[in-house]
Amino acid sequence: MKKTSTPLADGRELIYYDLRDDAVRDAVDRRPLDRTVTSSEIRRDPLLGDSVAIASHRQGRTYHPPANECPLCPSEGERLSEIPDSSYDVVVFENRFPSLAGDSGRCEVVCFTSDHDSSFADLTEEQAGLVLDAWTDRTAELSHLPSVQQVFCFENRGAEIGVTLGHPHGQIYGYPFITPRTALMLRSAAAHKEATGGGNLFDDVLAGELTGERIVLQGEHWVAFVPYAAHWPYEVHLYPRRRVPDLLALGEDARTEFPKVYLELLRRFDRIFDRPGGGKEGVPGGGKEGVGEPPTPYIAAWHQAPFGPLEEFEGVNRDDFALHLELFTIRRTSGKLKFLAGSESGMSVFINDVPPETAAQRLREVASS
C-alpha cells in the first residue's frame, strides 16, 4: 500500500491509498473554494447523560446530485470533484460538511472505489483489503488527536438508510467522547467480569454462539452469527476468533482472511430477498436479476475500544473489549422496511419481526455456490 496526502483547495486533507507502490498523485484541486467553516457543538443531555452534536452547517450539504455531478467521482476535464486526480483506488478526505470538527472531533469520508456504479460487494479481495488498510491507518491517525476518544468506521448504503450520495463510500467519525452504545457494552463487560470472577463477556458470547444455530459462516480467523437478541430483522455480528481491542491489533492472518469473509457476507445481504431460482421473496412469479427489489440497504459498523480513559468502567480496560463489525438491514421483507416507531424511538425497546434463528438460516441458504 502507498499512502499520499495532499491538501484540497479549502485546506482540508485528502489521502490516496494505492495498491501500486509506484502510483504518482500530484494532481492539484483547481476549485475556487473558500476555507471550510463549521459550527459543530457538543451538548450533553442532563436527563439521559448522552451527548448530541449540533451541526447547523450541514443543512447545505450535497443532496442526491445526478451521477455526472457526483462529488466522489474522480475529476475529469473541467468537471471538478472532491478528488483532484482522474482515478483512484481508495481515497479518504475530511468531510466538507462534518458533524464533528475541531475540538468536537473529526469526520472523514472513505471512497471505496472510483467506480460510481459499483458497491463494496463488487470489490475484489485485494481492493477490500486496501479498504481495511485505510480504516486501520485512519484509526491510528485519529486516535492521536487530542479531541478524539473513540474512532468509528462505518458504511451507510441505500436511500432508505438516508444516504444522499450514491457513490460507494463510508465514513469515519472521531468522537470527543465515548459513545453511549460503547459505554453500555463496557458496563456490561464490567458486570460480567465481576459476576464470573474474571470472565470476558465478549469471549463468552462468542463461545455460546459457536455451539448454536445462529452461525452464518465461519473462517479460520473470523466468525459471523446472528445474535441471540438481534435488534434488526437481518443482523450479523462478525468477530475475529482471537479477541483484539481494535483494528490496529488484528493479526496478519486475520487481516488476510477478512476480505473473503466480509465480501461473502455483503453478497449474501444482496441476495437475502431473492428466492431460490432468481425470483424475489414475496413477489409472485419472481423476477430477473436487477429488476424489482433495489439493492439491500444496510449499515456496517466497526466497534472498537475507545482510546480515551476508562476509569468510569471499573474493572475493565481496553484489552477487555472485542473488536467486531455489526452489519444489519432495515428491510424486514421484500418491499417492507423496519421503522423505528414508538417503542424503539420513544423508549429504545426494539421489537424484531424476524426470529434470529430464521434470519441465520436464510443467510446460510443464500451462500455463494
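For the structure, check the block above.
Parameters and conventions
- Residues numbered from 1 in each chain as written.
- Predicted model: local features only at pLDDT ≥ 70, side-chain atom pairs only at ≥ 80, totals over all residues.
- Heavy atoms only, no water.
- Helix = DSSP H or I, 4+ residues; strand = E, 2+ residues; numbered from the N terminus.
- Expected span 1.5 Å × (residues − 1).
- Bend = angle between axes of the 7 residues up to and from the residue.
- Axes fitted to C-alpha atoms, helices over the stretch in contact; angles between N-to-C directions.
- Parallel < 35°, antiparallel > 145°, perpendicular 65-115°, else oblique.
- Contact = heavy atoms within 4.5 Å.
- Nonpolar A, V, L, I, M, F, W, Y, C, P; charged D, E, K, R; others polar.
- Buried < 20%, exposed > 50% of the residue type's maximum accessible area, 1.4 Å probe, protein only.
- Pairing = 2+ DSSP bridges.
- Salt bridge = Lys/Arg side-chain N within 4 Å of Asp/Glu carboxyl O.

*Asks:* Mind laying out helix 4 (residues 252-271), listing which residues take part and the relevant values?
*Replies:* The terminal C-alpha atoms of helix 4, which comprises 20 residues, lie 30 Å apart, in line with the 28 Å expected from a rise of 1.5 Å per residue. At Phe-258, helix 4 shows its largest kink, close to 35°, and the proline Pro-259 lies no more than four residues downstream.

*Asks:* How would you summarise the packing of helix 2 (residues 180-195) against helix 3 (residues 201-210) if you had to cite specific residues and measurements?
*Replies:* A pair of packed helices is characterised by two quantities: the angle between their axes and the separation of those axes. Across the interface, helix 2 lies against helix 3 with an axial gap of 9 Å and an inter-helix angle of 85°. One way to sum up the angle between helix 2 and helix 3 is to call them roughly perpendicular. Side by side, helix 2 and helix 3 meet where Met-185, Ser-188, Ala-189 and His-192 of the first sit next to Leu-201, Phe-202 and Asp-204 of the second. Counted by class, the contact of helix 2 with helix 3 contains 4 nonpolar, 2 polar and 1 charged residues.

*Asks:* Provide a residue-level description of the environment of Leu-142, including the pertinent values.
*Replies:* Within the secondary structure, Leu-142 sits in helix 1 (residues 125-143). A relative accessible area of 1% places Leu-142 in the buried class. Each C-alpha atom, one on Leu-142 and one on Ser-343, is 36 Å from the other, the two residues being 201 residues apart in sequence.

*Asks:* Would you mind going over the sheet that holds strand 10 (residues 222-225) in detail, with residue names and values included?
*Replies:* Taken together, the 11 strands give an open sheet; going across it, the order is 1-2-5-6-8-7-12-13-11-10-9, and neighbouring strands pair in antiparallel fashion. Among the strands making up the open sheet, the edge pair consists of strand 1 (2-7) and strand 9 (215-218). Averaged over all pairs of adjacent strands, the angle between their axes in this sheet comes to 20°, without regard to strand direction. Relative to strand 8 (residues 169-175), strand 7 (residues 150-157) runs antiparallel, the two sharing 5 bridges. The residue bridging Phe-152 from the neighbouring strand is Tyr-173, located in strand 8. Sheet strands touched by helix 4: strand 7, strand 9, strand 10, strand 11 (234-240), strand 12 (298-303) and strand 13 (324-329). Its angle to strand 11, the strand with the most contacts, is close to 175°.

*Asks:* Can you explain the pattern of salt bridges? Please cite residues and give values.
*Replies:* Taken as a whole and assessed by the stated rule, the structure comprises 30 salt bridges. Residues Arg-31 and Glu-82 are paired through a salt bridge, measuring 2.8 Å at the closest nitrogen-oxygen approach. A residue pair is termed long-range when its members are at least 10 positions apart, and Arg-31 in the loop between strand 2 (13-18) and strand 3 (41-44) and Glu-82 in the loop between strand 4 (51-54) and strand 5 (90-94) qualify at 51 residues. Each member of the pair Arg-31 and Glu-82 is classed as buried. Across the salt bridge formed by Arg-43 and Glu-41, the nearest N and O atoms sit 3.0 Å from each other. For Glu-41, a relative accessible area of 35% gives the class partly exposed. What you see here is one network of salt bridges that share partners, running through Lys-3, Glu-13, Glu-94, Arg-106, Glu-108, Asp-137, Arg-138 and Glu-141.

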